[in-house]
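# Descriptive analysis of the structure
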Amino acid sequence: LATTMVEIGKSLNRNTVAIISDMSEPLGYSVGNALEIKEVIASLHGHGPKDLMDLCYTSGAIMLKQAHITDDENKAREMLKEAIDSGKAFEVFCDMVKAQGGDVSYILNPEKFEVSKNVIELKAEKDGYIKEINALGIGEAAMKLGAGRETLEDIIDMSAGIVLAHKVGDFVQKGDLLCTAYTNKEDVDNVLEEIVDAYEFSDDPVWALPVIREIIS
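Because the structure is a prediction, the values reported are computed rather than measured.

## Brief notes about the overall build of the protein
The number of helices and strands found in the protein is 8 helices and 9 strands. Each of the three principal axes of the protein carries a C-alpha extent, and together these read 55 × 45 × 35 Å. Taking the contacts inside the protein whose residues are at least 6 apart along the sequence as the reference set, 71% of them involve residues at least 24 apart. As displayed, the protein offers around 12,900 Å² of accessible surface, 53% of which is attributable to carbon and sulfur atoms. Treating the 21 positive side-chain charges of the protein as one cloud and the 39 negative ones as another, the clouds have centres 5 Å apart.

Right, dumping it as structure tokens:
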């Protein structure tokens, strides 16, 4: 599909590039509307998760080269890092929110975002290396907590979702925090079981796959 899309772009004389990225586990740590925005804000302050930032730097570098701002991959990445380190990227993000009628005070003060009344910590039930965090399972569980729509009539709870404490490859001991569930719903025991079931453990060391699998141009 990616190859076909790139070919379509080229047939229309457009510089088109596709990034095949790994989605076997959630990108970053946060799943859910406000939770993800908080992670975005942290990332623009230079505190983003490695996999998320790898994807941002790769896609950003490609766009800088497509725009003929630089032809050098390393230079492009340096420019992106400088934009974050200097605060310019965060400033532009605030301008974008303001231009679309958003309340920038939430971006400047993330603590203003509503926090779900039920904040539930899920702990590891045994020692081991995290072998898998099923992205689809986590996504569906977050939806059931209120972060998405199961039917057209459902109302999205912007505060609901899941924040991971560890990623694939990390070693956890029994009792360590795996993730935190946020919801305003009351009867979610079945959903919490689904979250735990999304994790697979190994007694042997596990290495996470790189987030960028392939670039098609």
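## Some details on the nonpolar core
What tends to happen in soluble globular proteins is that the nonpolar side chains get buried as a cluster. Among the nonpolar cores identified, the biggest contains 25 residues, and I138, I162, I195 and Y199 are the most heavily contacted of them. Counting only elements with at least two residues in this core, the list comes to strand 4 (128–133), helix 7 (135–147), strand 5 (161–164), strand 7 (177–183) and helix 8 (189–197). It is helix 7 that contributes the most residues to this core, 5 residues altogether. Ranked by size, the runner-up nonpolar core spans 18 residues in total, among them I41, L44, A61 and C94.

## Quick look at unusual backbone geometry
Its identity is not glycine, yet N13 carries a phi of approximately 60 degrees, on the positive side. Among the secondary structure elements, N13 is positioned in the loop between helix 1 (2–11) and strand 1 (18–21). The phi dihedral of H68 falls on the positive side, at around 60 degrees, and the residue is not glycine. Along the chain, H68 turns up in the loop between helix 3 (50–66) and helix 4 (73–85).

## Focus: the sheet that holds strand 4
Strand order in the open sheet formed by 3 strands is 6-4-8, and the pairing between neighbours is antiparallel. At either margin of the open sheet sits one strand with a lone partner, and together these are strand 6 (171–172) and strand 8 (199–202). Where strand 4 lies against strand 6, 2 bridges are found, and the strand directions are antiparallel. Paired with Y129 across the strands is F171, a residue of strand 6.

## Describing the sheet that holds strand 3 (residues 118–123)
Taken in spatial order, the 4 strands make up an open sheet running 2-5-7-3, and their pairing is antiparallel. Either end of the sheet is taken by a strand with one partner, and the two such strands are strand 2 (30–31) and strand 3. Relative to strand 7, strand 3 is paired through 6 bridges, and the arrangement is antiparallel. Bridged to V119 within strand 7 is Y182. In the packing of helix 7 onto the sheet, the strands contacted are strand 2, strand 5 and strand 7, and the crossing angle to strand 5 comes to about 135 degrees. Contacts from helix 8 reach strand 3, strand 5 and strand 7, with the element oriented near 40 degrees to strand 3.

Cut-offs applied
- Residues numbered from 1 in each chain as written.
- Predicted model: local features only at pLDDT ≥ 70, side-chain atom pairs only at ≥ 80, totals over all residues.
- Heavy atoms only, no water.
- Helix = DSSP H or I, 4+ residues; strand = E, 2+ residues; numbered from the N terminus.
- Contact = heavy atoms within 4.5 Å.
- Areas by Shrake-Rupley, 256 points an atom, 1.4 Å probe, with all protein chains shown as cover.
- Lys, Arg positive; Asp, Glu negative; His and termini not counted.
- Charge placed at Lys NZ, Arg CZ, Asp CG, Glu CD.
- Core = buried A, V, L, I, M, F, W, Y, C linked by side-chain atoms within 4.5 Å.
- Buried < 20%, exposed > 50% of the residue type's maximum accessible area, 1.4 Å probe, protein only.
- Pairing = 2+ DSSP bridges.
- Axes fitted to C-alpha atoms, helices over the stretch in contact; angles between N-to-C directions.

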